[in-house]
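Secondary and tertiary structure notes
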There are 2 protein chains.
Amino acid sequence: MQRIRPVIMCGGAGSRLWPRSRAAHPKQFLDLIDERTLLEATAARLAAAGAAMEILSPIVICGAGQDALVEAQLARAGKPAHRIIVEPFGRNTGAVAAVASLVSHTDDPDALVLLLPADHHIADDAGFWRGVEAGLVAASDGALVTLGIEPTGPETGYGYIRRGDAIGTGVYRVDQFKEKPDSETARGYLATGLYSWNAGIFLFRADAMLNAFKSHAPGILAACDRAVRDAASVKTRLHLSPAAFESCPSEPVDIAIMEKAERVAVVAPVRAGWNDVGSWTAIADLKKAGIAADSKNPNVQTIDCDNCLIESEGPFVAAIGLKDIIIVATPDGILVTHRDHTQDVKKIVDHLKASRRTDLL
Amino acid sequence: MQRIRPVIMCGGAGSRLWPRSRAAHPKQFLDLIDERTLLEATAARLAAAGAAMEILSPIVICGAGQDALVEAQLARAGKPAHRIIVEPFGRNTGAVAAVASLVSHTDDPDALVLLLPADHHIADDAGFWRGVEAGLVAASDGALVTLGIEPTGPETGYGYIRRGDAIGTGVYRVDQFKEKPDSETARGYLATGLYSWNAGIFLFRADAMLNAFKSHAPGILAACDRAVRDAASVKTRLHLSPAAFESCPSEPVDIAIMEKAERVAVVAPVRAGWNDVGSWTAIADLKKAGIAADSKNPNVQTIDCDNCLIESEGPFVAAIGLKDIIIVATPDGILVTHRDHTQDVKKIVDHLKASRRTDLL
């Protein structure tokens with residue numbers, strides 16, 4: 001039975017879900033969709049794999065100061081970590097993939113690495129695992145496999161993957177990775193039937209990934225290798241060496257490796273109710289579709305509101321006569337935005353950074 | 001020189017300016033328009049009277065527990081009260097007019113009483129005093145005089161006064177008081193040129209008002225007379241007797257007296273930049289017109305907002321892509337409303353009362 005080492009990428013520090021997402025509590029640690037946090041749901045999902053796979057305890061790679069939070073949330077999810085690797089600072093997903101491959105290869109060279117973002121929502125765990133299972137043969141055979149999510153619309157916020165020839169059942173050679181398209185281009189992609197969304201979920205042999213790094217991103221590999229070698233190890237924690245990690249180039253794994261490697265495959269279409277929870281509009285849509293919890297909050301009172309998302313973590317919010325408005329209230333920060341403008345939340349966070357409002361970040 | 005005893009009606013407990021207006025700090029005690037509270041502005045206005053009048057120290061009639069606030073704000077305005085009369089509970093403006101007349105008559109029978117709401121905004125103090133001055137002769141002669149505000153539009157939120165024959169320069173017999181009209185009716189009123197807004201500002205001889213009470217509202221007069229007689233007097237404070245005041249019928253002075261009395265006059269048109277500050281929309285309009293202060297609040301950040309009023313007393317508010325929206329944030333309560341729906345703020349307060357959220361009232 002194929003052993004799988006899940007590596008959960010938990011180092012994100014997104015700014016698009018302010019005011020709930022903060023530096024100390026970014027998106028993956030928040031209960032945005034239901035009573036579980038996104039990390040807890042990601043960890044709990046590991047229990048739902050099919051019989052063809054043995055899912056090992058996960059490795060979690062997180063940012064400085066967040067290891068205690070990771071440990072607590074994994075305990076709540078009933079999936080204690082095999083290791084928690086702490087990055088002293090972020091160096092993008094290229095470094096994460098290199099560190100994951102190095103550590104996983106040392107711990108268990110025959111396990112496949114399943115590299116997972118901690119901060120996405122997947123409604124259909126079984127659909128997700130069917131996707132992983134479909135990639136097992138290709139990954140075992142040395143291909144770097146990515147899960148290609150079936151597009152449900154011409155989204156402009158995601159990268160796309162164009163598939164080439166089939167190399168197995170539901171598995172294809174990757175023809176091309178595409179950056180976030182404009183709306184017209186996205187519609188064109190969907191019309192061909194050849195495109196999937198790139199969810200940043202990868203399945204691969206650690207040695208295959210390490211070889212790809214040797215060829216295409218040796219600088220990342222060298223820095224990460226030293227950062228792991230010189231890491232401070234305390235029980236399950238591995239604190240990467242800041243001196244070594246600092247010199248690591250900061251690149252997404254898609255650009256550093258996937259777009260360049262020779263043997264890259266995509267499982268498509270993966271149908272798993274996937275959502276990257278990339279904006280408050282995404283959360284509003286999940287709630288509207290009844291996927292996310294929309295419990296009656298005694299601190300929210302509405303009159304004549306239509307198609308609104310109104311959340312509060314404490315202050316009482318009264319909303320009257322609103323349409324298509326999103327309100328997110330925390331004790332010290334309140335967001336009120338039209339649902340078509342939620343991408344600009346990032347600008348608010350930029351403003352807070354510029355004006356050194358660390359209390360709100 | 002005519003002596004005038006201003007009597008400031010400070011007992012209101014409006015609910016239309018929640019979340020800033022609260023039971024312990026209703027509208028008149030708030031700095032809604034500029035750095036002064038409405039009460040402070042009302043008191044300060046007394047210094048701007050013309051040479052034809054001697055303005056005596058004001059009597060303020062307020063609710064239970066608010067006398068200290070009144071005293072502090074009058075001190076800040078530089079107009080200490082002659083008396084602060086404390087109502088144990090509200091019995092509407094009929095009782096206020098009766099108490100005002102009784103006390104003023106005892107203190108100085110020859111002074112005219114100028115009965116003033118504490119919670120209105122008047123941009124043009126000189127215009128206001130010209131209106132008062134225009135009513136002096138009629139009031140001295142025994143008429144109950146009301147100031148008729150020149151309408152600036154077909155407002156449906158105010159009562160109207162239709163004037164009859166002239167009885168002096170800019171002073172007319174009142175033909176009829178009209179309740180708040182619908183929009184079409186209001187436009188009809190304006191077309192005639194005979195209508196003014198009823199601002200609830202009255203000028204009269206105390207004995208003339210007391211006679212009118214004897215004829216038209218003897219129950220109110222009797223109860224107020226006992227409440228004043230049995231009042232507890234402590235320095236400038238007069239605490240009306242709860243036992244006596246409880247039996248007082250609760251009626252607006254307009255209905256109890258003004259609509260029934262024989263000699264009622266209106267000064268019209270009074271041009272004073274009057275506004276009853278009756279809703280957040282009114283405040284938004286005052287700010288838009290540059291009349292109210294709109295200081296840069298470091299706790300408010302907007303992107304692509306149009307025609308919005310965004311206020312915060314603490315929590316940081318980020319607003320994006322909004323049009324015609326009013327946001328008022330306090331540490332524990334947040335209002336977000338379309339500017340055309342601010343009358344429904346009252347319903348929010350009713351809901352809070354029904355759910356016993358006294359912390360928010």
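Residues numbered from 1 in each chain as written. Chains lettered and ligands numbered in written order. Predicted model: local features only at pLDDT ≥ 70, side-chain atom pairs only at ≥ 80, totals over all residues. Heavy atoms only, no water.

1. As for the interface of chain A and chain B
The extent of an interface is frequently quoted as the accessible surface area lost upon association of the parts. Condition: Every residue pair with non-hydrogen atoms within 4.5 Å of one another is taken to be in contact. The term buried area means the drop in 1.4 Å probe accessible area that two parts suffer when joined, counted for both and summed. Whenever Lys or Arg places a side-chain nitrogen within 4 Å of a carboxyl oxygen from Asp or Glu, that contact is recorded as a salt bridge.
Contacts between the two partners involve 34 residues from chain A and, on the opposite side, 34 residues from chain B. Interface of chain A and chain B: buried area, both sides summed, is about 2,600 Å²; carbon and sulfur atoms make up 67% of it. When the buried surface of chain A facing chain B is broken down by residue, F316, I320 and I334 of chain A rank first, second and third, together holding 27% of it. The interface formed by chain A and chain B includes zero salt bridges.

2. Description of the relation of the copies chain A and chain B
The condition that has to hold: Copies are brought into register by a least-squares superposition over C-alpha atoms of residues with pLDDT of at least 70 in both.
With an RMSD of 0.1 Å, chain A superimposes on chain B once it is rotated by 180° and translated 0.1 Å along the axis. What the rotation and shift describe, once combined, is the action of a two-fold rotation axis. Closest approach to the rotation axis within chain A is made by the C-alpha atom of P331 of chain A, at a distance of 3.5 Å. Both copies present the same face, since 100% of the interface residues in chain A are matched by interface residues at the equivalent positions in chain B.

3. Remarks on the packing of helix 3 (residues 92-107) of chain B against helix 6 (residues 206-216) of chain B
All names here are of chain B. For the record, the criterion: Orientation is described by lines fitted to C-alpha atoms, with helices fitted over the stretch in contact, and by angles between N-to-C directions that extend from 0 to 180 degrees. Working definition: helices are DSSP H or I runs of at least four residues, strands are E runs of at least two. Numbering for both runs from the N terminus. Oblique is the label for any angle not covered by the other classes, which are roughly parallel (under 35 degrees), roughly antiparallel (over 145) and roughly perpendicular (65 to 115). Should the near helix be turned anticlockwise from the far one by less than a right angle, the crossing is left-handed, and should it be turned clockwise, the crossing is right-handed. Residues were grouped as follows: Ala, Val, Leu, Ile, Met, Phe, Trp, Tyr, Cys and Pro as nonpolar; Asp, Glu, Lys and Arg as charged; and all remaining residues, including Gly, as polar.
Running from N to C, helix 3 and helix 6 cross one another at 135°; their axes reach a closest spacing of 9 Å. Here helix 6 runs oblique to helix 3, going by the angle between their axes. You can see that helix 3 and helix 6 cross each other, and the crossing is left-handed. Taking contact as the criterion, the partners of G94, A97, A98, S101, L102 and H105 in helix 3 are, on helix 6, A206, D207, M209, L210 and F213. Residues belonging to the contact of helix 3 with helix 6 are distributed by class as follows: seven nonpolar, three polar and one charged.

4. Focus: the packing of aromatic side chains
Residues and elements named next belong to chain A. Rule in force here: Only rings of Phe, Tyr and Trp enter the pairing, Trp through its six-membered ring, and a pair is recorded when the two centres are within 6.5 Å. The plane angle decides the type: under 30 degrees is stacked, over 60 is edge-to-face, the rest tilted. Charges are assigned to positions over rings by a cutoff of 6 Å between ring centre and Lys NZ or Arg CZ, combined with an angular limit of 35 degrees from the ring normal.
Here the structure, examined in full by the defined rule, presents 18 aromatic pairs over all chains. Grouping aromatic residues by their ring pairs yields a cluster made of Y158, W197 and W274. Geometry around Y172 places R163 over its ring, the cationic atom sitting 4.5 Å from the centre.

5. Digging into the pairing of strand 7 (residues 144-149) of chain A
All names here are of chain A. Heads up, the rule is: Only protein chains enter the accessibility calculation, which uses a 1.4 Å probe; a residue is then buried when its area is under 20% of its type maximum, exposed when over 50%, and partly exposed in between. Strands were regarded as paired on the criterion that DSSP finds at least two bridges between them.
When you tally the buried positions in strand 7, you get six out of six residues, the bulk of the element. The side-chain alternation of strand 7 yields two buried faces, one formed by L144, T146 and G148 and the other by V145, L147 and I149. Bridge analysis of strand 7 against strand 13 (residues 264-270) gives five bridges, and the strand direction is parallel. Bridging across to strand 13, T146 finds its partner in V266.

6. Things to note about the side chain of H120 of chain B
Residue and element names in this part refer to chain B. Under the convention used in this document: Under this definition, polar contacts are N or O atom pairs within 3.5 Å; protein pairs additionally need one hydrogen-donor-capable and one acceptor-capable atom, and for neighbouring residues in sequence, both atoms have to be side-chain atoms.
Inspection of the secondary structure assignment puts H120 in the loop between strand 5 (112-117) and strand 6 (121-122). Owing to a relative accessible area of 13%, H120 belongs among the buried residues under this scheme. For H120, the side chain forms a polar contact with the side chain of W274, separated by 3.1 Å. Excluding anything up to four places from it in sequence, H120 contacts L38, T42, A199, W274, N275, D276 and V277.

7. So, the confidence of the model for chain A
Stated precisely, the cut-off is as follows: Within a predicted model, pLDDT stands for the predictor's per-residue confidence, ranging from 0 to 100.
Taken over all residues, the pLDDT of chain A has a mean of 95, while the share at 70 or more is 98%. Taken together, the chains of this predicted complex give a pTM of 0.89 and an interface ipTM of 0.88.

8. Details of the sheet that holds strand 17 (residues 316-320) of chain B
Hydrogen bonds along the backbone pair up the strands of a sheet, which may run parallel or antiparallel. Taken together, the five strands give an open sheet; going across it, the order is 16(A)-18(A)-19(A)-17(B)-15(B), and neighbouring strands pair in mixed fashion. The open sheet has two edge strands with one neighbour each: strand 16 (309-312) of chain A together with strand 15 (300-303) of chain B. Shown here is a sheet whose adjacent strand axes are inclined to one another by a mean of 5°, direction ignored. In this fold helix 10 (residues 280-288) of chain A packs onto strand 16, strand 18 (325-329) and strand 19 (333-338) of chain A, with an angle of close to 105° to the strand it touches most, strand 16 of chain A. Against the sheet, helix 11 (residues 345-354) of chain A engages strand 19 of chain A together with strand 15 and strand 17 of chain B, with an angle of about 140° to strand 17 of chain B.

9. Here we look at the environment of V253 of chain B
Residues and elements named next belong to chain B. Position of V253 among the secondary structure elements: in helix 9 (residues 253-258). Residue V253 is classed as buried on the basis of its relative accessible area of 1%. Sequence separation between V253 and C305 is 52 residues; the distance between their C-alpha atoms is 43 Å. The residues contacting V253, other than those within four sequence positions of it, are T93, G94, A97, F202, M209 and M258.

10. Here we look at the sheet that holds strand 19 (residues 333-338) of chain B
Strand order in the open sheet formed by five strands is 15(A)-17(A)-19(B)-18(B)-16(B), and the pairing between neighbours is mixed. In this open sheet, the two edge strands, each paired with only one partner strand, are strand 15 (300-303) of chain A together with strand 16 (309-312) of chain B. With direction set aside, neighbouring strand axes in the sheet form an average angle of 5°. Along the sheet face, helix 10 (residues 280-288) of chain B touches strand 16, strand 18 (325-329) and strand 19 of chain B and points at about 105° away from the line of strand 16 of chain B. Of the strands in this sheet, strand 15 and strand 17 (316-320) of chain A together with strand 19 of chain B are in contact with helix 11 (residues 345-354) of chain B, which crosses strand 17 of chain A at around 140°.

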